[in-house]
Amino acid sequence: LAIADEAAVKDIVVNNCTFIYYPECVQVIKANDQLQLLKHEKMRIADIRRKGLYGIPNTSSAMESINMVYTWMNAYQIDVNELLLLSKTINYYVQKDNGEKVPASRKNILAMFPNRRDDLRKFIEEKKISFNKEADLSQLVTYIGTAGN
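These numbers come from a predicted model, not from an experiment.

Cut-offs used in this document
Residues numbered from 1 in each chain as written. Predicted model: local features only at pLDDT ≥ 70, side-chain atom pairs only at ≥ 80, totals over all residues. Heavy atoms only, no water. Helix = DSSP H or I, 4+ residues; strand = E, 2+ residues; numbered from the N terminus. Buried < 20%, exposed > 50% of the residue type's maximum accessible area, 1.4 Å probe, protein only. Contact = heavy atoms within 4.5 Å. Areas by Shrake-Rupley, 256 points an atom, 1.4 Å probe, with all protein chains shown as cover. Salt bridge = Lys/Arg side-chain N within 4 Å of Asp/Glu carboxyl O. Patch = residues over 30% accessible without salt bridge, like charges linked within 9 Å, V, L, I, M, F, W, Y side chains within 5 Å. Phe/Tyr/Trp six-rings, centres within 6.5 Å; stacked < 30°, edge-to-face > 60°. Lys NZ or Arg CZ within 6 Å of the ring centre and 35° of its normal.

### Some details on the overall build of the protein chain
- Along the protein chain, the regular secondary structure elements total three helices and nine strands.
- Element order for the protein chain, N to C, with α for helix and β for strand: β-β-β-β-β-β-β-β-β-α-α-α.
- Burial analysis of the protein chain (149 residues in total) assigns 22% to the buried set.
- Within the protein chain, contacts between residues at least 6 apart in sequence are counted, and of these 49% link residues at least 24 apart.
- Accessible surface, the protein chain: about 10,600 Å² in total, of which carbon and sulfur atoms supply 50%.

Set out below in structure tokens:
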């Protein structure tokens, strides 16, 4: 998906999933009048493993990959035997109605709602909310929305 003028697009909806474009694209997981839970997924190359002798992957730097062979008349493209190890990272953010996006953490949630600090602290401890689990964060956002201001 290519967007010519990102500033003109508020959000994109695909199969009931809403995505918002910040400096990166984030998915709205849960939203209420007071708070939105956002998820950012990113893939990166964690390791490149070259296939060595007998096709066994090897991370050794002693191997050299050559993808082009030159002769005095021609150049030949050859296939490099490499395996890419991809790593997926997921970061969760919360956004209040003022539009500021901050990482979803206990400290940030409590700072966003200073008048409900004790109530939220008690809920987080009782429910053993993990700030790395989508279901737990979704439950927290639902609680914040239903408990009022």
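### What about unusual backbone geometry?
- Although it is not a glycine, K128 adopts a positive phi angle of roughly 50 degrees.
- Structurally, the position occupied by K128 is in the loop between α2 (117-126) and α3 (134-146).
- Looking at K128, the relative accessible area reads 70%, which means it is exposed.

### Here we look at the pattern of salt bridges
- Counting across every chain of the model gives six salt bridges.
- Residue K39 pairs with E41 through a salt bridge whose shortest N-O separation is 3.2 Å.
- According to the relative accessible area criterion, K39 is buried, its value standing at 13%.
- With a shortest N-O distance of 3.8 Å, E41 and K88 are connected by a salt bridge.

### Side note on a nonpolar patch on the surface
- Where nonpolar side chains cluster on the molecular surface, the patch consists of M43, I45 and L86 and spans about 310 Å² of accessible area.
- Summarising the element assignment, M43 is placed in strand β4 (residues 35-51).

### Digging into the packing of aromatic side chains
- Inspection of every chain in the model, using the stated rule, returns one aromatic pair.
- Centre to centre, the rings of F123 and Y143 are 4.0 Å apart; their planes meet at 5 degrees, and the pair counts as stacked. With F123 in helix α2 and Y143 in helix α3, this pair connects stretches of sequence that are 20 residues apart.
- Here F123 falls in the buried class, since its relative accessible area comes to 9%.
- Looking at Y143, the relative accessible area reads 22%, which means it is partly exposed.
- The ring centre of F113 lies 4.6 Å from the NZ or CZ of K96, which sits over that ring.
- When the ring centre of Y93 is taken as origin, the NZ or CZ atom of K101, which lies over that ring, is 4.4 Å away.

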